[in-house]
Amino acid sequence: MTTREYHRAEWQKLKGQPLKAKLAHIFTYYRYPILAAVILVAMVISLAVSIGSQKENGFQAYLIGAVARKENTDAFLEDFAKIAGINTDTHSVSITPGGLVSEDGRDENSMVNAQTVAVKTAAGEIDVLGAPLDRFLGYAYNEYFTDLSQLFTDQQLESWGARLIYIDAALLKLEELTSLPDATDPSKMASPMAVGLLFSADSPLSDYCMLPRDGLVLGILCNAPNPEVATLFLQYCS
């Protein structure tokens, strides 16, 4: 007797048997396929729910060298979302403090930050990137940031004055940089370009997170998915 004939014979025996007996037979001989099907259906439902509930990116900032103040997080983000006109039911608003880093950038947290920034910027997820001045300039001279004069009025830039951080765009053509000009003095540059804004340790941004003693420089990434919201964020934190 073949396997198929055997199962047909077993089914014939179940004729007239109560439902309980039929269910017991099915579970005895088909429990593994049934379990596999149940698991597959559960995975499909879970994936569908996850995709359906996933919010679009409304704004995302990553701040290297900042430490979160958890007690103020929700209020700060909700207030900014309201000012920026972001519907938090459908769009996400997040600011990720990257934590403290060492001066030489060789500690584990510094390396994690570097990897995170590389992945998120490549994916076009980050709008605003913040970092201590030396690290910020490293990204700036690798052409990560937008020229702020393209996003803000002359009046707005003038109001920020000495808080603006510059790079010399003329140096971007060089294959190797041996020294960098003073980032706060555009008069000493051949082609100054404002790419960052310095936030002191007691700026409004410190309501959300603790900043380094020397402050944090924030810039808007060239591939920011929400550049308009990013400009509002710099103004909001000022």
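Read on for a plain summary of the structure. Quantities reported herein were computed from a predicted structural model and do not represent experimental measurements.

1. Comments concerning the overall build of the protein
Across its full length, the protein carries seven helices and eight strands. Going through the 238 residues of the protein one by one, you find that 35% of them count as buried. In the protein, the share of contacts with a sequence separation of at least 24, taken over all contacts with a separation of at least 6, comes to 72%.

2. Notes on the layout of surface pockets
Computed from the structure, the largest pocket encloses a volume of approximately 400 Å³. Together, 17 residues line the largest pocket, and Pro132, Leu133, Pro212, Asp214 and Gly215 are the ones closest to its centre. Sort the elements by how many residues they give to the lining of the largest pocket and helix H5 (residues 133-140) lands first, with three residues. Each residue belonging to the lining of the largest pocket can be placed in one class, and the counts come to eight nonpolar, four polar and five charged.

3. A short note on the pattern of salt bridges
Side chains that carry opposite charge are capable of pairing whenever their charged atoms lie near each other. Applying the stated rule across the entire model yields two salt bridges. Glutamate 125 is the partner of lysine 120 in a salt bridge, and the nearest nitrogen-oxygen pair spans 3.4 Å. Looking at lysine 120, the relative accessible area reads 21%, which means it is partly exposed. You can call glutamate 125 partly exposed: its relative accessible area is 31%. As a salt-bridge pair, lysine 188 and aspartate 185 come within 3.6 Å of each other at their nearest N and O atoms.

4. Overview of the nonpolar core
Formed by 56 residues in total, the largest nonpolar core has its most connected members in Phe59, Ile95, Leu205, Leu218 and Phe233. The residues contacting leucine 205, other than those within four sequence positions of it, are Leu63, Phe76, Phe199, Leu211, Leu218, Phe233 and Cys237.

5. Quick notes on the side chain of serine 203
With respect to the secondary-structure elements, serine 203 resides in the loop between strand E6 (192-199) and strand E7 (209-210). You can call serine 203 buried: its relative accessible area is 8%.

6. Side note on the packing of aromatic side chains
Using the criterion set out here, one finds nine aromatic pairs in the structure. With a centroid separation of 4.2 Å and an interplanar angle of 15 degrees, the aromatic rings of phenylalanine 136 and phenylalanine 145 are classed as stacked. The same class applies to phenylalanine 136 and to phenylalanine 145, which are both buried. Cation over ring: arginine 163 sits above phenylalanine 199, and NZ or CZ is 5.0 Å from the ring centre.

Calculation criteria
- Position numbers for residues count from 1 along each chain, tracking the sequence in the order it is written.
- The predicted origin of the model limits local features to residues at a pLDDT of at least 70 and limits the giving and counting of side-chain atom pairs to 80 or more, whereas totals for whole chains, interfaces and linings rest on all residues.
- Side-chain figures throughout are based on the complete set of non-hydrogen atoms in the structure, without hydrogens or water.
- Numbered from the N terminus, helices here are DSSP runs of H or I no shorter than four residues, and strands are runs of E no shorter than two.
- The classification of residues rests on relative accessible area computed with a 1.4 Å probe and restricted to protein chains. Under 20% of the type maximum is buried, over 50% is exposed, and intermediate values are partly exposed.
- Contacts were defined at the residue level, with two residues in contact if any of their heavy atoms lie within 4.5 Å.
- Detection works on a 1 Å grid of protein atoms alone, calling trapped sets that fit a 1.4 Å probe cavities and calling open sets with protein on both sides within 12 Å along at least five of seven lines pockets, with lining residues defined by an atom within 4 Å of a point.
- Grid points are joined across faces, edges and corners, and a volume is the space filled by probe spheres set on the points.
- Side-chain classes follow a simple rule in which Ala, Val, Leu, Ile, Met, Phe, Trp, Tyr, Cys and Pro form the nonpolar group, Asp, Glu, Lys and Arg form the charged group, and the remainder, Gly included, forms the polar group.
- The term salt bridge refers to a side-chain nitrogen of Lys or Arg lying within 4 Å of a carboxyl oxygen of Asp or Glu.
- In this description, a nonpolar core means a group of buried Ala, Val, Leu, Ile, Met, Phe, Trp, Tyr and Cys residues linked to one another through side-chain atoms lying within 4.5 Å.
- A pair of Phe, Tyr and Trp rings is counted when the ring centres sit within 6.5 Å of each other, with Trp represented by its six-membered ring. The angle between the planes then sorts it: under 30 degrees is stacked, over 60 is edge-to-face, the rest tilted.
- For a Lys NZ or an Arg CZ to count as sitting over a ring, it must be within 6 Å of the ring centre and within 35 degrees of the ring normal.

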